[in-house]
Amino acid sequence: MVKIRLITISRDFGTDIDEIINKISKKFNGEILDRRRIHEELALEGFNIQEFENKEKELEKGIRDPNFIETYKEQVRMIVKKYMEKDYIIFLLGRGGQFLFKDENYSFHINVIAPLGYRIKFLTNKFLLSEEKALELIKEKDFSREIFYKTLFLNSWKDPSLYHLTIDRSFFTAEEIESIIEKVIERQESKIYTPEQLSLPQKPKFANKTEEEFAKILTFYQIRWEYEPRTFPLEWDNDGNVIESFTPDFYLPDFDLYIELTLQRPRVMGEKLKKIKKLKNLYPDIKIKLFYGKEYEKLLSKYGIKGIR
Amino acid sequence: MEKIGKILFTKEDIEKRIKELGEEISIDYKDKDLILACVLKGAVYFTVDLTRNIKIPFILDFISILSYGSSKNNQGIVRITKDLDINIMGKDVIIIEDIVDTGLTLSYLIRNLQTRNPNSIKVCTLLDCPGRRIIDIEVDYKGFEIPNYYVIGYGLDYKEKYRNLPYIAILEEF
């Protein structure tokens, strides 16, 4: 069982998230690693911090020094692991944590974003900047951030697959964000759920290929459908047991409409037609449409579906 | 292979019916902010002739939708490939179709246009094929009702051909 030990926070400049993280970290006796702390650790390791910072600035300008890039990645990883050994929960702010620890099952990656208006407001209030200056600063920081990650990891931080969770800062209060992140930390283990565990919709077992094609057409036109959601009893024996029933192929909830499809020719369809007649008698409020034989073939051929009988 | 089959509606039949539709629309939309939204490409011929028979002011615009089976890859969802250029908010819109059959395309189009808050949306189609209808859609103005035939001509195509026929005929495949 692997618990979450590392939370990486990628954030837009001007999203006011650091204070929230600080609060959570204190609550869980965690350790925040940001640019300043990383530099302090590097200084302890004997690195020339001024030189290191200069090299980082070069990354923001798109200058690639392969040796420095390797050193950077290695050192950030080492520092994070050093703190993890102390059994702290680590909050890594920026530094490319979402790339460096992408596939580590002990890590959880959060991306914090906010609309431009929110970011400007935050900066003007917090740092008493003019709106123009705040906007200028945001543009500058966004640009250098984009270049930094592209140079360092050859990828954009905007790639949604890098994150387990993206939070729109303008949508939640600080307390709500704290609560969300705390729930992640309190999870007993870090695991990826299987689709079955998450109750994701399963692909229905269509009776034949034409039904599947029909479902695809409905989906294409953004029409919600359900496959065989209801069976209508048609006949009962004296004990009340259902001895005959009918299950239409599709139900379109937005139109309250059932659809039955069949490629059978009309002459061999007697049984089905009888059932539909019974259905209409017993359930007069039910709307059902039947597409069969040549008519149904024509319908499918309209959408380029041929020869799937 | 395919060939032109029986003619269902002659040039004269079509002209006469379009004149009637134009007069009907001219009365119904008198003093209204009418926008004619022609669905490309099939409805172009019909729309042009219809507009010549509408005696009130209107704005003409065009819209085009990706249809299922029109691309090699059928995955994904319907989308507008050419949107209206004008804002229809508060306007009275008539969607002009060449043919309404399954109602799937039209249902999407109506849902899409309704989000733009027009005053009203109605449908005018040259041909109505109710036998093929999946989604029940009210057609407000229809030229002709047809059985479940594959038809060509007067804007309706088979693999992009036959649109220029001055009449509407059944397509025969063999």
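Coordinates for the structure precede this section.
Predicted model only: the values in this text are computed from it and were never measured.

Rules behind the numbers
- Residues numbered from 1 in each chain as written.
- Chains lettered and ligands numbered in written order.
- Predicted model: local features only at pLDDT ≥ 70, side-chain atom pairs only at ≥ 80, totals over all residues.
- Contact = placed C-beta atoms within 7 Å.
- Helix = DSSP H or I, 4+ residues; strand = E, 2+ residues; numbered from the N terminus.
- Expected span 1.5 Å × (residues − 1).
- Pairing = 2+ DSSP bridges.
- Right-handed = clockwise from strand over helix to strand, strands pointing away.
- Buried ≥ 20, exposed ≤ 12 C-beta atoms within 10 Å, placed from the backbone.

1. Describing the interface of chain A and chain B
Across the contact, 14 residues belong to chain A and 16 residues belong to chain B. Those elements giving two or more residues to the side of chain A that touches chain B turn out to be helix H9 (209–220) and helix H11 (293–302) of chain A.

2. As for helix H6 (residues 116–127) of chain A
For H6(A), built from 12 residues, the straight-helix expectation of 16 Å at 1.5 Å per residue is met to within 8% by its first-to-last C-alpha distance of 16 Å. Trailing H6(A) by a residue or two, A:Leu128 shows a phi angle of about 55 degrees, which is positive.

3. Remarks on the sheet that holds strand S9 (residues 168–173) of chain B
Residue and element names in this part refer to chain B. Taken together, the 3 strands give an open sheet; going across it, the order is S1-S9-S8, and neighbouring strands pair in antiparallel fashion. Of all the strands in the sheet, the pair left with one neighbour each is strand S1 (2–9) and strand S8 (151–152). Here S8 runs beside S9; their pairing, made up of 2 bridges, is antiparallel. Residue pairing across strands places valine 151 opposite isoleucine 170, the latter belonging to S9.

4. Let's talk about the pairing of strand S3 (residues 59–65) of chain B
Residue and element names in this part refer to chain B. With 5 bridges joining them, strand S2 (residues 34–39) and S3 adopt parallel strand pairing. Across the sheet, residue alanine 37 finds its bridge partner in S3, namely aspartate 61. Viewed along the sheet, the connection from S2 through helix H2 (residues 44–52) into S3 turns out right-handed. Summarising the sheet, S3 and strand S4 (residues 80–82) pair through 2 bridges and their orientation is antiparallel.

5. Digging into the environment of B:Glu97
Residues and elements named next belong to chain B. By the element assignment, glutamate 97 lies in strand S5 (residues 92–100). Glutamate 97 gets classed as buried once you count the C-beta atoms within 10 Å, which come to 25. Taking the C-alpha atoms as reference points, glutamate 97 and cysteine 124, 27 residues apart in sequence, are found 6.3 Å from one another. Leave out the neighbours within four places in its chain, and glutamate 97 touches Val39, Ala43, Leu106, Val123 and Thr125.

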